[in-house]
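Analysis of the macromolecular model
Now for the letters of each chain:
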Amino acid sequence: MIEHDELERIISRESPDELRFAIARLGELPPARARDGLLARAYLALSRSTRGEERERSFLAGYSYARTSRDPVARPQAELLRAEFESWKR
């Protein structure tokens, strides 16, 4: 299983392929607040680094995980991206 520090590194680099890998590995873990916070951050990072339908799906998943996990890092990120979301759709 991938280590927490490795996930933090992947999320900070925002490489779409690595983010998809991290999301898949996190999806293998049982639900927990810490896992959901990391999923939120990974999905939000993926939404910033992709376009089109994948961007929208990633944003929606990240926003949802950020709200339910109450992650103190992910929630503000999600709200900032939410404010930008309408300009993405153009």
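Coordinates for the structure precede this section.
Conventions we followed
- What you see as residue numbers is a count from 1 along each chain, following the sequence as written.
- Where totals are concerned, whole chains, interfaces and linings use all residues; where local detail is concerned, this predicted model gives features only for residues with pLDDT of at least 70, and gives and counts side-chain atom pairs only at 80 or more.
- For the side-chain quantities, the full set of heavy atoms in the structure was used; hydrogens and water were omitted.
- Per the convention used, a helix needs a DSSP run of H or I reaching at least four residues, while a strand needs a run of E reaching at least two, with both numbered from the N terminus.
- In this description the radius of gyration comes from C-alpha coordinates, and the expected globular size is given by 2.2 Å times residues to the power 0.38.
- Only protein chains enter the accessibility calculation, which uses a 1.4 Å probe; a residue is then buried when its area is under 20% of its type maximum, exposed when over 50%, and partly exposed in between.
- Each accessible area value is a Shrake-Rupley result obtained with a 1.4 Å probe; residue values ignore everything except the protein chains displayed when judging cover.
- The charge count treats Lys and Arg as positive and Asp and Glu as negative. His and the chain ends do not count.
- Working definition for charges: the position is that of NZ of Lys, CZ of Arg, CG of Asp or CD of Glu.
- By definition here, a helix of n residues has an expected span of 1.5 Å times n minus one.
- Note: the arc covers the axis-to-C-beta directions of the helix.
- By definition, residues are in contact when any of their heavy atoms lie within 4.5 Å.
- Within 6.5 Å between ring centres, the rings of Phe, Tyr and Trp (the latter by its six-membered ring) count as paired, and their orientation is classed by plane angle as stacked under 30 degrees, edge-to-face over 60, tilted in between.
- Between Lys or Arg on one side and Asp or Glu on the other, a salt bridge is scored when a side-chain nitrogen of the former is within 4 Å of a carboxyl oxygen of the latter.

Moving on, we come to the overall build of the chain. Helix and strand counts for the chain stand at 5 helices and 0 strands. Of the regular secondary structure in the chain, the N- to C-terminal order runs α-α-α-α-α. At 12 Å, the chain has a C-alpha radius of gyration in line with the 12 Å of a compact globule built from 90 residues. Considered along the principal axes of its C-alpha atoms, the chain spans approximately 40 × 25 × 20 Å. Taken over 90 residues, the chain has a buried fraction of 40%. For the chain, the exposed surface amounts to about 5400 Å²; the carbon and sulfur share of it is 51%. Separation between the mean location of the 17 positive side-chain charges and that of the 16 negative ones in the chain comes to 5 Å.

Moving on, we get to helix 2 (residues 16-27). Over its 12 residues, helix 2 extends 16 Å from the first C-alpha to the last, a length consistent with the 16 Å expected when each residue adds 1.5 Å. Residues of helix 2 that are buried: Glu18, Leu19, Ala22, Ile23 and Leu26. The buried residues of helix 2 all sit within an arc of 140° when viewed along its axis, so they share a single face. Summarising the contacts, the buried residues of helix 2 are in contact with helix 1 (4-13) and helix 3 (33-49).

With that settled, consider unusual backbone geometry. Despite not being glycine, Arg70 has its phi angle at roughly 60°, a positive value. One can find Arg70 in the loop between helix 4 (52-69) and helix 5 (74-88). A residue is classified by how much of its surface remains accessible, and Arg70, at 55% relative accessible area, is exposed.

Glancing now at the packing of aromatic side chains. Within a pair of aromatic rings, the relevant descriptors are the distance that separates the centres and the angle that separates the planes. A complete count under the given rule lists 2 aromatic pairs for this structure. Considering the side-chain rings of Tyr43 and Tyr65, the 6.0 Å spacing of their centres and the 5° angle between planes classify their relative orientation as stacked. In this pair, Tyr43 sits in helix 3 while Tyr65 sits in helix 4, placing the two residues 22 residues apart along the sequence. With centroids separated by 5.7 Å and ring planes inclined at 35°, the aromatic side chains of Phe59 and Tyr63 adopt a geometry described as tilted. Here the residue Phe59 and the residue Tyr63 both occupy positions in helix 4, the gap between them amounting to 4 residues, near one helical turn. The two residues Phe59 and Tyr63 agree in class, both being buried.

Going through the model one piece at a time under the given rule, you end up with 6 salt bridges. Where Arg20 meets Glu54, a salt bridge forms, and the shortest distance between an N and an O atom there is 2.8 Å. Here the residue Arg20 occupies a position in helix 2, and Glu54 occupies one in helix 4, the gap between them amounting to 34 residues. Its relative accessible area of 33% is what places Arg20 among the partly exposed residues. Here the residues in one salt-bridge network are Asp17, Arg20 and Glu54, joined through shared partners.

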